[in-house]
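Here is how the chains run, residue by residue.
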Amino acid sequence: MKMINVNNLVKHYGQVEAVKGISFSVEEGAFFAFLGINGAGKSTTINILCTVIEKTSGTVEIGGFDLDTDRRKIKDQIGIVFQNSVLDQQLTVKENLCSRASFYGLSKKQIKARVEELKEIFELHEIMDRRYHQLSGGQRRRVDIARALINRPRLLFLDEPTTGLDPMTRVKVWEIINKLRKDTGLTVFLTTHYMEETVDCDDVVILDNGTIAAHGTPHDLKERYASNRLVWYTPESDENAALLKAEGLDFEYAVDSYKIKIDRIKKATELLTKYDRIDDYEFIKGNMDDVFLNVTGKKLGD
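Everything in this summary refers to the structure shown in the same document. Counting restarts for each chain: residues are numbered from 1 in the order of the written sequence. A pLDDT threshold of at least 70 governs which residues receive local features in this predicted model, and a stricter bar of 80 or more applies before side-chain atom pairs are shown or counted, although totals over entire chains, interfaces and linings include all residues. Side-chain numbers here rest on the full set of heavy atoms in the structure, without hydrogens or water.

### Describing the overall build of the chain
Move 1: Scanning the chain for helices and strands turns up 10 helices and 14 strands.
Move 2: On the principal axes, the C-alpha backbone points of the chain span a range of 80 × 50 × 35 Å.
Move 3: A total of 302 residues make up the chain; the buried ones form 45% of that total.
Move 4: Put simply, of all contacts in the chain between residues at least 6 apart along the chain, 66% involve residues at least 24 apart.
Move 5: Counting 43 positive and 47 negative side-chain charges, the chain places the centres of these two groups 7 Å from one another. Under the scheme used here, helices are H or I runs from DSSP no shorter than 4 residues and strands are E runs no shorter than 2 residues, and both carry numbers assigned from the N terminus. With a 1.4 Å probe rolled over the protein chains alone, any residue whose accessible area is under 20% of its type maximum counts as buried; one over 50% counts as exposed, and the rest are partly exposed. When checking whether two residues touch, look at their non-hydrogen atoms; a contact exists if any pair is within 4.5 Å. His is not counted, nor are the chain ends; Lys and Arg add positive charge and Asp and Glu add negative charge. In this description, the location of a charge corresponds to atom NZ of lysine, CZ of arginine, CG of aspartate or CD of glutamate.

### A closer look at the nonpolar core
Move 1: The definition of a nonpolar core used throughout is a set of buried Ala, Val, Leu, Ile, Met, Phe, Trp, Tyr and Cys residues joined through side-chain atoms within 4.5 Å. Among the nonpolar cores identified, the biggest contains 48 residues, and Leu97, Phe122, Leu124 and Val143 are the most heavily contacted of them.
Move 2: If one sorts the elements of this core by residue count, helix α6 (residues 167–184) sits on top with 5 residues.
Move 3: Those residues in contact with valine 143 that sit more than four places away from it in its chain are Leu87, Val93, Leu97, Leu124, Ile127, Tyr132 and Leu135.
Move 4: Phe24, Ile46, Phe189 and Val205 belong to the second-largest nonpolar core, a separate cluster that totals 27 residues.

### Side note on helix α4 (residues 108–121)
Move 1: In this model, α4 (14 residues) spans 20 Å end to end at C-alpha, consistent with the 20 Å of a helix rising 1.5 Å per residue.
Move 2: Listing the buried residues of α4 in full gives Ile111, Arg114, Val115, Leu118 and Lys119. The buried residues of α4 occupy one face: seen down the axis, they fall within an arc of 140°. Of the exposed residues in α4, those oriented more than 90 degrees away from the buried face are Lys109 and Lys112.
Move 3: Two residues or fewer after α4 comes glutamate 123, characterised by a positive phi angle close to 55°. Each residue after the first adds 1.5 Å to the expected span of a helix. Each direction from the helix axis to a C-beta atom contributes to the arc, which is the arc of those directions.

### What about a negative patch on the surface?
Move 1: The residues that make up patches have over 30% relative accessible area and no salt bridge, and they are joined within 9 Å when like-charged or within 5 Å when they are Val, Leu, Ile, Met, Phe, Trp or Tyr. Surface accessibility in these figures is a Shrake-Rupley result with a 1.4 Å probe; residues are shielded only by whichever protein chains are displayed. Salt bridge, as used here, is a side-chain nitrogen of Lys or Arg placed within 4 Å of a carboxyl oxygen of Asp or Glu. Taken together, the side chains of Asp256, Asp276, Asp279, Asp280 and Glu282 make up a negatively charged region of the molecular surface.
Move 2: Among the structural elements, aspartate 280 can be located in the loop between α9 (265–274) and β14 (281–284).
Move 3: Accessibility expressed as a relative area gives 41% for aspartate 280, which makes it partly exposed.

Scope: geometric values only; no functional claims are made or implied.
Spelled out as structure tokens, the structure:
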């Protein structure tokens with residue numbers, strides 16, 4: 001089943017066309033990444049999907065419900081973790097979660113049970129009675145995600161959920177999210193500036209200037225848009241350059257090594273077998289940062 005189905009979505013701000021007729025879908029239970037620099041139309045699209053702003057034209061279905069006629073039902077299907085928290089700085093974690101749970105018409109008994117459940121999932125035991133403004137960045141982010149899951153959504157929007165967190169905290173956040181996906185079948189819609197967070201995605205869309213510039217699995221995108229490199233650590237010399245030119249290879253020398261573009265591992269193996277003088281090297285596969293740069297000509301975060 002399609003959790004999200006977008007067809008020919010358009011959004012105008014006056015004379016400015018921010019989103020230019022894009023179409024994509026997200027399978028139920030999938031881990032989906034939506035990437036683009038500021039101004040690419042990414043935030044506009046997400047705000048439309050989250051029912052925050054109106055679209056100009058096109059069709060959107062979420063969880064089988066039409067955005068034009070079933071907005072209330074769609075809101076019940078989704079949870080959103082914004083870049084900036086929407087929780088009350090002066091309330092405790094428990095007070096924040098309980099107040100948010102009340103928005104969904106839950107009884108006091110249901111609210112207590114759900115908050116206790118989220119406390120266990122996100123390991124919030126020690127901070128439940130602390131005011132939100134007293135929490136560390138990692139603690140706040142865990143509470144933000146718990147708040148977004150109060151209503152047991154089928155679809156969770158994560159808008160740069162780990163920006164500003166230290167590496168260990170980022171790992172912890174993703175451990176929790178991945179376990180939730182495994183245990184509940186939760187569909188996750190991610191935007192991020194950390195391209196390594198997209199490696200395990202089922203599907204990736206790259207948006208540029210309001211249009212979809214690339215779409216596919218991380219593996220497919222790397223095959224199409226990223227170049228593998230053989231790095232040969234050796235002094236620069238005319239003899240070494242002549243060897244690589246004779247093989248018809250694209251290369252450059254920088255700092256202490258030749259950076260050689262090589263499409264396939266097999267080709268690198270053949271080169272290494274042929275020239276035993278290449279004895280200090282490493283093979284580096286193209287990554288999602290390369291994909292984004294080659295597709296858009298920009299670095300994510302610009």
